[in-house]
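Residue strings, one per chain:
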Amino acid sequence: MPRVKYRDSDVELMARMMRAEAEGEGKQGMLYVGNVIVNRVRSDCLDFKDVRTVRDVIFHIQGGNYSFEAVQKGNLFYQRAREVEKRLAKQTLDFWGKHPGKYALWYFNPYGPCPPTWYNQPFAGQYKQHCYYEPIGGTCDDVYRY
């Protein structure tokens, strides 16, 4: 059973985002980004209340901006997904989730070392240039149900 409900169009959309956000970090980096997308679909808390589909997550607006910079600025996001990215997206939607992105709801690429918190959320780990952050314990239990 998949981790979240999805359609073929969600696989394509998620694959495009994974590539746009983490192509430079290889397949593993793209999987981590995909995992954050799935976690946001699964969690009905904090910044992600009433965000229930892959499409909702990708085009989510916070503070007047898209949550994913690639929607607004990314040329890669608007290119067709390749088969390799589609396989990675499907893998993440169906079953994949590993540390540091296993429970992460946020990530970013800082100009320096990863800070211990990001908007008060604890650091979960780093993969190449991206820092991953989990919700504070007890604030978003859905993300921890696997």
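Residues numbered from 1 in each chain as written. Predicted model: local features only at pLDDT ≥ 70, side-chain atom pairs only at ≥ 80, totals over all residues. Heavy atoms only, no water.

Draft legend 1. Representation of helix α5 (residues 83-94) in the model. In a regular helix each residue adds 1.5 Å, so twelve residues correspond to 16 Å; α5 covers 16 Å between its end C-alpha atoms and thus fits that length. Burial in α5 covers these residues: Glu85, Leu88, Ala89, Thr92 and Leu93. Along α5, the residues classed as buried sweep out an arc of 135 degrees about the axis, all on the same side. Buried residues along α5 sit in contact with α1 (8-22), α2 (26-42) and α3 (54-58). (Helix = DSSP H or I, 4+ residues; strand = E, 2+ residues; numbered from the N terminus. Expected span 1.5 Å × (residues − 1). Buried < 20%, exposed > 50% of the residue type's maximum accessible area, 1.4 Å probe, protein only. Arc of directions from axis to C-beta. Contact = heavy atoms within 4.5 Å.)

Draft legend 2. Focus on the environment of Leu88. Mapped onto the elements of the fold, Leu88 is located in helix α5. Here the alpha-carbon distance between Leu88 and Asp56, two residues 32 residues apart in the chain, equals 20 Å.

Draft legend 3. Summary view of the side chain of His60. By the element assignment, His60 lies in the loop between α3 and β1 (61-62). Among all residues touching His60, those that are not within four sequence positions of it are Asp47, Phe48, Val51, Asn65, Tyr66 and Ser67.

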